[in-house]
Amino acid sequence: MSDRFWDEPPEDEPKDKTEGVRIIGAEEAAEAMGRGDVAQRRGEGEVRFGDRPATPPEDQRPAIRFPLPADEADSLTSRPRPAPPAMPHWADPPTGEVPRALVDPDDEPAGQADDLDAWSGFAAAPRWRDAAADWEDADFGVGSLGRGVTPSSTAGTAEADEELFASFAPEVPVEAPPRRRQAAPPQPRRRVTGGTGGGRDLPAAVITGIGLAAVALLLFAIGNPAPMILVTGLLLFCAAELFGSLQRGGYQPATLLGLVATGGLALAAYWRGEPGVTLVLALSLIFTLLWYLVGVTRSNPLMNAGVTVLGIGMIGLLGSYAALILRVPNGIGLLIGVIVAVVANDVGAYVTGQQFGHSQLAPTISPGKTIEGTIGGAVASVVLSWLVLVVALGLTPWDTGSAIALGLVVAVAAPLGDLCESMLKRDLGVKDMGSVLPGHGGLYDRFDALLFALPAAFYLFRLLNLT
C-alpha cells in the first residue's frame, strides 16, 4: 500500500511547476531580485498608471473646472441657459410626454462640445495602492460617498475609522410595535327555552300581560275608532324602538320620516283600505330617497335608505293589516281572534320549552327557541283558539273550523316573526329593542309575532269569507 494521497500524481510523472504556492526564504528572495525576476517598486517621482498630467494641454480647456480665472468666469456666465420645460397644470390629464432636460449640443458655443469630449479621456481610473503612504494622497476623498466624511477628519485615528464605518452602515428601520386587537365583548349567553328567553321575569311578565289585555278589552268594548287609536299608538312605539336600535347599531335611518310613514300607513288603511296602503307606501319610498338626495342625511345613502324602508315595511306595512281587519264587519272580533291565537302560541311555546325543550330550533339566530317549544306553541294555538273564541266567548263570526284554521296559520306565522326579529337583534348586538314593558322588554319584542300573523290572518279571513 502506497503512502501518497489520492490526489498526488505518480512519482514517475513530472510535476507542473507553475501550480501551487511556495513560501521562500529571505536568501532565495534576494537571489531572485538579483537575477531581475522581480520588478522594482517605482519611486515617488515616477508616473504611475492612472495619474493625471501635471499641466493640461494649453489649446484645450475643461468644460467646467473650479475655481475659474476671472476672464473665463465672465465667459461662463454669458452662456445661454436652457429654458425650464413647460409643465401642464396639475389638474390637467397626463399627456404621456417626458420633458427634455438636456441641452442640445447644437445650441452650445463652438468648440465647447469638443472640449468636453477631449477632457473626458482624462477621467480618473482606479488607483492601485499597495503602501500606507498611497492612502494619504489628496485625491482620495470619501466625502461624496459618506455622510460628510472627509480624509482630513478620518485619516490616522481609530475614532475616524469608526466614523467612516458608521457612515456606510445601512440604516435599520425601526418598526412600530404591532397594535393589540381589542377583544370583542362577550355575547350574553341565554338559557335554552321555548319562549323569548329563560331570563324573563315571569311574575312581572304576567302582570304586564294582564294589564295590556285589560286596556285592549276596554278599548274594544268602546268600539271603533278606539281600537284604531290603540293600533296606531302601538305601531308608532314599535317603530320608534326599531329606529332607535338601528341608530345605536351605527345606522342613520330617516327616523322622522319612518314614524310619519308608519302612522300614515295605519290611518290610510283604515280610511281608504288597500289603495290607501299602496299610495302611502309608494310615497314613503320616494320621500326616503329624497331625504338622502337633498342632504338631510348624507352618509351611506344606500344602506341607510335601505334600513329606513325596512323599518317602514316591517312595522308600518305589516301593522296596517290590523287597520284593514278593523274596517270589515265584525272586525273587532276577528282582531281579537288573531291576538288570542298569537298569545296562546307564545305562552304554549314558553311553557313547553321550559319543561321539555332540549333541541334548539335555530341555534345561530335564537338559541333560546326549541323544537319542542315550537310544537307546544302550535298545539296551544289550535286548542286555545277554539276554546276561547268558540266555547268560552262565542264571538262572531267564529266557529270550530275557522278557529282551528286560524290556530294553524298563526302556528306557522308567529314563530317566523319572532325569529326574524331575533335575527335583527343579533345583528345589532342588542338583547331587547326596548324596555318599556317590565318582564317583556320593548313593545316590538312582544308584538313581533303578531305583526307577521296579521297579514296571514287577513288573507285567511278572505279565503273563508269572514270579511
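Up top is the structure these notes are about.
Residues numbered from 1 in each chain as written. Predicted model: local features only at pLDDT ≥ 70, side-chain atom pairs only at ≥ 80, totals over all residues. Heavy atoms only, no water.

Enquirer: For this particular structure, what's the right way to read the overall build of the chain?
Expert: When you go through the chain residue by residue, the secondary structure sums to 14 helices and 2 strands. Taking all contacts inside the chain whose residues are at least 6 apart in sequence as the whole, residues at least 24 apart take part in 67%. With the model as given, the accessible surface of the chain reaches about 30,900 Å², and the carbon-plus-sulfur share is 62%. (Helix = DSSP H or I, 4+ residues; strand = E, 2+ residues; numbered from the N terminus. Contact = heavy atoms within 4.5 Å. Areas by Shrake-Rupley, 256 points an atom, 1.4 Å probe, with all protein chains shown as cover.)

Enquirer: Mind showing me how you'd approach the packing of helix α13 (residues 400–428) against helix α14 (residues 443–463) here?
Expert: Describing two packed helices takes the angle between their axes plus the distance from one axis to the other. Across the interface, α13 lies against α14 with an axial gap of 7 Å and an inter-helix angle of 140 degrees. Regarding the angle of α13 to α14, the classification is oblique. Once α13 is placed against α14, the crossing between them reads as right-handed. Packed against α13, whose contacting residues are A405, L406, V409, V410, A413, A414, L416, G417, D418, C420, E421 and K425, the element α14 presents Y444, D445, D448, A449, F452, A453, A456, A457, L460 and F461 at the interface. Along the lines of polarity and charge, the residues of the contact of α13 with α14 split into 16 nonpolar, 1 polar and 5 charged. (Axes fitted to C-alpha atoms, helices over the stretch in contact; angles between N-to-C directions. Parallel < 35°, antiparallel > 145°, perpendicular 65-115°, else oblique. Left-handed = near helix turned anticlockwise from the far one by under 90°. Nonpolar A, V, L, I, M, F, W, Y, C, P; charged D, E, K, R; others polar.)

Enquirer: So what exactly am I meant to see when it comes to the pattern of salt bridges here?
Expert: Opposite charge on two side chains allows them to pair when their charged atoms are near. What the rule picks out here adds up to 6 salt bridges. With a shortest N-O distance of 3.7 Å, D418 and K369 are connected by a salt bridge. Taken as a pair, D418 in helix α13 and K369 in strand β2 (residues 366–370) lie far apart in primary sequence, 49 residues in all. Across the pair, K369 and D418 agree in class, each one buried. With a closest N to O distance of 3.4 Å, D445 and K425 form a salt bridge. With D445 in helix α14 and K425 in helix α13, this residue pair connects regions lying 20 residues apart in the sequence. This pair shows no difference in class: D445 is buried, exactly as K425 is. Taken together, the salt bridges that share partners define one network made up of E421, K425, D432 and D445. (Salt bridge = Lys/Arg side-chain N within 4 Å of Asp/Glu carboxyl O. Buried < 20%, exposed > 50% of the residue type's maximum accessible area, 1.4 Å probe, protein only.)

Enquirer: Quick question: what am I supposed to make of unusual backbone geometry here?
Expert: Leaving glycine out, the prevailing phi sign among residues is negative, and the prevailing peptide bond configuration is trans. Put simply, T396 and P397 share a cis peptide bond, and its omega is 10 degrees. Assignment of secondary structure puts P397 in the loop between α12 (371–392) and α13. With phi around 45 degrees, N300 is a residue other than glycine that occupies positive phi space. Turning to its location among the elements, N300 is positioned in the loop between α9 (274–293) and α10 (301–327).

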